[in-house]
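An overview of the molecular structure
One letter stands for each residue in the lines below.
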Amino acid sequence: MAAEGCEEMSGNGELEESSVMEASEVPASPPTEMVEMSEENGSAAEAPEVPLGPQPDSFSMPPPAEDEEGELPADFERLWKAAHDNPQDFTSWTDLLQYCEQESHVTASRRALEAFLARYPLCYGYWKKFADLERRAGYNNKAEEVCVQGLQLIPLSVDLWIHYINLLLGTLDMNLPESPTRIRSVFEDAVQAAGLDFHSDRLWDLYIEWEKEQGNMKNATAVLDRVLKVPTQLYNTHYDKFKEHLNGHEPKDVLPPEEYEELRTLCRQSQKAERAEQAQEEEEERPPGEEEPATPDGTDTEELMQKIREQVLVRRDKVYQDNEGEVRKRWHFEDAIKRPYFHVKPLDRLQLRAWHTYLDWEIAQLNKETRDSSQDPNEAATEGSEVTAQPQEASEDAVDAHDDHRVRILFERCLIACALYEEFWTRYTQYLELHSVDEARAVFHRACGIHLTHKPNIHMHWATFEERHGDLTEARRVLEALEKTLPGLAVVRLRRAALERRAGQLDQSEALLQEAVAESKEKPTLHAFYSIKLARLLFKLGRNPSRARRVLQEALEISPDNDKLHMNLLELEVSGDPWASAEAVQECVTRALAAPLAPDTKIVFSQRGLQFAEDYSNSIQSVLSVYEEHQKLLKELGGTKRGAENGDEDAEKLSKSDDGSTVAVSAQAPPTMPHVPITTPPPPVMGADMSAQTGYGGYSSWYQQPQYGSYGYQNTWNYGQGYYPPS
């Protein structure tokens, strides 16, 4: 970590290096234009039984080892406090880690790494540093535990797998019979978890070379056969190494016994046929009395071995060509990915689009192959020249499972580079939900429990997911935990109240809103918001207008200048019995006109009162009385603008003819009909939302209050969007 202070870190604890390849490892250029790829990330897997993602519940850092070091370094507490006061500040953590390494203090380094990796587990380079720390301190078992913990959380990291294997190679006694078995087992876990990664060539090469060092040439051939089917960046070098491996040894020493015997028999028959034909030609030309030279039966000549090698390459060449086609399909997608590893720095739009495009293509390939297999059930799913003895239906299922696994691998790779982006986690859960609810739930656990603890949208998607699948207890737990993490976020409290309401727990829903009202009295705007929500619940669902009225009136005592409170109280009164509520309606209007509201808002309230009087009043005197008060208010607040609305303007008026031209009408022109003042605006359309016509009840701006914008979200409340994941 000392190097972090002078060189740029990749975010994984590794110094960024330019992609340098040896001459023997330069990938072949497929028929289309391909650019050399760079950087290695962790990814891919081949065996469905190996979990792709980490299990958060199993993640626990190893307990601190006993050591004899005394007090912590002088600046440790200061840097530790800085990192914990702002755990989202990645730089504070790297400063702490760098300082601990410079001080060479095992206890301080261990403590810092444990805390850091609990928050940023995808930084594979720091897992390697942690393992090296324990190994240098003499705790080889602890070093292995650290590697295992890291691989549980980032199983697609090729680098971490290689580091773990090298650690075992350096610490195990290879003279013990169980050591090679354990190493081979770890290799198998590695290639099953990360072997399908486009940059997994180093892992495969290490496995092959280790088998050769152990003298297991047939095992090395088996590994080479497997990697020949995997589309990787250096796919062509694996074929070259297979040829070198085959030509450097006798076929019987490197080929499986069944394949060797099959090819040996085939080549012998071919050789006999050739010799018979050649003998016939030579016999015709042989001098009389000369006999054919004897060839010992059962002898494998070099010529026969060469024919066997040729047949082996003929079979592998088909596999190689098919694999090259797969590489060609993926190359431009891989080339567009410039940062396949995790970092807290934001990705640009091009990178995010590249991942989305790659995922779209891989999913489309899966759907296409699924459709093709369903349309042509008689088509055999073969790979190379291998003959499968399984029933056709089982073979198709295996192909579909393999393709589905590729899609999951790509999602897992994406979630390394894009771990801080909710959209990719949500997309992955939607994909998995079609196949397994439990797997989708596990991804929600990873996203919300480790990587996106302070992102509300993914938590609310999780709660919706659990509610949709009937687990209301878990949905409640998710929302409660989110509210503790982000206190004061109104949309979370509303989601909790709505969840209880849909569950039939109206009392619980009411209690949650009452609690929110009581806790927000120091924030008048938020208090008014919750009061309106509570009043609507009491009035519309609880059928208790008196309690709803009391809630709004108490809120008005705290926020008399809040027009939305006045509007909701007026709506409540207007919605009642028109004859019994006439006095209450006019009282609401009077209260609003006396409140410190904007002039235009007061005019709206006056118009509402006048409209109510004209619609429901029993006497013309009361209507005219309200009308006169309205006219006084217009003159006082509205000026000439409002005067024009009521027919009091004496200036020249403009009227439009049928053809759209504007005609000036003289003010002195005699009217064609007696002047009748317009006492009220036109009534609202039947069935229309009153709020849509005057802004009444429009709460979209409420979710953008500045005091709740500190979380850094473009739409802090996220209200009206993303409530339910798209189907």
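Here the structure is a predicted model, which means the values were calculated and not measured.

The rules behind these values
Residues numbered from 1 in each chain as written. Predicted model: local features only at pLDDT ≥ 70, side-chain atom pairs only at ≥ 80, totals over all residues. Heavy atoms only, no water. Helix = DSSP H or I, 4+ residues; strand = E, 2+ residues; numbered from the N terminus. Expected span 1.5 Å × (residues − 1). Buried < 20%, exposed > 50% of the residue type's maximum accessible area, 1.4 Å probe, protein only. Arc of directions from axis to C-beta. Contact = heavy atoms within 4.5 Å. Core = buried A, V, L, I, M, F, W, Y, C linked by side-chain atoms within 4.5 Å. Salt bridge = Lys/Arg side-chain N within 4 Å of Asp/Glu carboxyl O. Axes fitted to C-alpha atoms, helices over the stretch in contact; angles between N-to-C directions. Parallel < 35°, antiparallel > 145°, perpendicular 65-115°, else oblique. Left-handed = near helix turned anticlockwise from the far one by under 90°. Nonpolar A, V, L, I, M, F, W, Y, C, P; charged D, E, K, R; others polar.

A few words on helix α21 (residues 506–519). The terminal C-alpha atoms of α21, which comprises 14 residues, lie 20 Å apart, in line with the 20 Å expected from a rise of 1.5 Å per residue. What α21 keeps buried is the set S509, E510, L512, L513, A516 and V517. Angular distribution of buried residues about the axis of α21 spans 160°; they occupy a single face of the element. In α21, the exposed positions that point more than 90 degrees away from the buried face belong to D507 and E519. Residues of α21 that are buried make contact with α20 (490–502), α22 (524–541) and α23 (545–558).

Before going further, it helps to spend a moment on the environment of K128. Examined against the element boundaries, K128 turns out to sit in helix α4 (residues 124–136). Distance from K128 to W161, taken between C-alpha atoms, is 9.9 Å for residues 33 residues apart in sequence.

Turning next to helix α5 (residues 140–153). For α5, built from 14 residues, the straight-helix expectation of 20 Å at 1.5 Å per residue is met to within 8% by its first-to-last C-alpha distance of 20 Å. Where α5 is concerned, the buried positions are K142, A143, E144, V146, C147, Q149, G150, L151 and L153.

So, about the nonpolar core. Counting residues in each nonpolar core, the largest one holds 85 residues, and the members touching the most others are L96, F116, W161, L203, L255 and I308. Look past the residues within four positions of I308 in its chain and what remains in contact with it is P251, L255, Y260, L263, R264 and C267. I337, L410, L432 and C448 belong to the second-largest nonpolar core, a separate cluster that totals 43 residues.

Counted according to the given criterion, the structure contains 41 salt bridges. Of the charged contacts, one joins R316 and D225 as a salt bridge, the two residues approaching to 2.8 Å between their closest N and O atoms. Note that R316 is positioned in helix α13 (residues 302–336) and D225 in helix α9 (residues 217–227), a separation of 91 residues in sequence. Close ionic contact of E261 with R264 constitutes a salt bridge, the shortest N to O distance being 3.9 Å. With E261 and R264 both in helix α12 (residues 257–285) and three residues apart, this pair spans about one turn of that helix. Judged by its relative accessible area of 41%, E261 is partly exposed. The class for R264 is buried, based on a relative accessible area of 19%. What you see here is one network of salt bridges that share partners, running through D225, E259, E262, R315 and R316.

Right, let's talk about the packing of α9 against helix α10 (residues 235–247) for a bit. Packing of α9 against α10 brings their axes to within 10 Å, and their N-to-C directions diverge by 155°. Between α9 and α10, the crossing angle belongs to the class labelled roughly antiparallel. Every pair of crossing elements has a handedness; the one defined by α9 and α10 is left-handed. From α9, M217, A220, T221, L224, D225 and V227 reach across to α10, where they touch H238, K241, F242 and H245. Partitioning the contact of α9 with α10 into residue classes produces five nonpolar, three polar and two charged.

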